[in-house]
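Summary of the model geometry
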Amino acid sequence: MTKGTARQFKPTFWPTVFSLSVIILALCLGSWQIYQMGWKEDQILLRTERSTAEPFSFSERYSGEVANPKSDEFLNVWVEGEFQHDKELYLGARSLDRRLGLQVVTPFVMTDGREILINRGFVLSEFKDPSTRKEAQISGRVRIEGLLRVGGWKGYEFVRPQNDSQKNFWFYVDIDEMDRAVNLNNPVKSVYLDAGPAVNPGGYPLGGQTRIELVNNHLTYVITWYSMALILAVIYFIFHYRPVEKPEDE
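Residues numbered from 1 in each chain as written. Predicted model: local features only at pLDDT ≥ 70, side-chain atom pairs only at ≥ 80, totals over all residues. Heavy atoms only, no water.

**Some points on the packing of aromatic side chains**
To describe a pair of aromatic rings, one takes the distance between the centres and the angle between the planes. Under the criterion given, the structure shown has eleven aromatic pairs. Between phenylalanine 9 and tyrosine 236, the aromatic rings sit 6.1 Å apart at their centres with planes inclined by 75°, giving edge-to-face as the arrangement. With phenylalanine 9 in strand S1 (residues 7–9) and tyrosine 236 in helix H5 (residues 218–240), this residue pair connects regions lying 227 residues apart in the sequence. What makes phenylalanine 9 partly exposed here is its relative accessible area of 37%. For tyrosine 236, a relative accessible area of 14% corresponds to the buried category. Between phenylalanine 169 and phenylalanine 171, the aromatic rings sit 5.1 Å apart at their centres with planes inclined by 80°, giving edge-to-face as the arrangement. Judged by its relative accessible area of 29%, phenylalanine 171 falls in the partly exposed class. Taken together, Phe9, Tyr236, Phe237 and Tyr241 form an aromatic cluster joined through their ring pairs. (Phe/Tyr/Trp six-rings, centres within 6.5 Å; stacked < 30°, edge-to-face > 60°. Helix = DSSP H or I, 4+ residues; strand = E, 2+ residues; numbered from the N terminus. Buried < 20%, exposed > 50% of the residue type's maximum accessible area, 1.4 Å probe, protein only.)

**Examining helix H1 (residues 13–52)**
Its 40 residues give H1 an end-to-end C-alpha distance of 59 Å, which sits within 8% of 58 Å, the value for a rise of 1.5 Å per residue. Every buried residue of H1 is accounted for by Thr16, Ser19, Ile23, Ala26, Gly30, Gln33, Gln36, Met37, Lys40, Gln43, Ile44 and Arg47. Lining the buried residues of H1 we find H5. (Expected span 1.5 Å × (residues − 1). Contact = heavy atoms within 4.5 Å.)

Bear in mind that shape data such as this cannot, by itself, settle questions of function.
What follows is the structure in structure tokens.
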């Protein structure tokens, strides 16, 4: 009767070092993706709840600057006053439904005398010139609803593009620099507004451009990284689970 070949788990040095390093890295990346998934789900919930809540008066709630801008971001507010259309600013390199364009940021003088920047929304490139959208250049006192936003570059610092105030071409909202570019007298420096989805006369700008629903593919990455760690662990075990070598005289 033939006995089965004896096997023994005998790890070797360099395959062990390599495998453990990659497995630990994959587990860390998978865990980080779990954290990111939870953070993004919380962000979507927060943005949805705040953007759909009943708006409140910005002037009544904030008699001065917003004390904690990041804590209050995406709150739904309304302001009353007049646009300064002759001081429009343009956020370039924007697109909507695969159409290239820009977003129009217009200073707004509130009834309390303070000025706040309002991102009125998207326009196609051919409608950059205000004369092509005269109907939307609303005059007189109006009430605007929008979401509180914090200015500044939101991406990695090493890829931050440079705004060009001379050419009035902005990649992101820099409140202080924009205020200086159009010589505002009494600006709100802590926040600006993203106008809500209310339709403007003539159709443009298209408001409601705030990203509420964020892309959340992190579960796919979690499965990918954890699967990679598991597969490599199995391969490592199989590779080192070898038959026991017996002396030739046995």
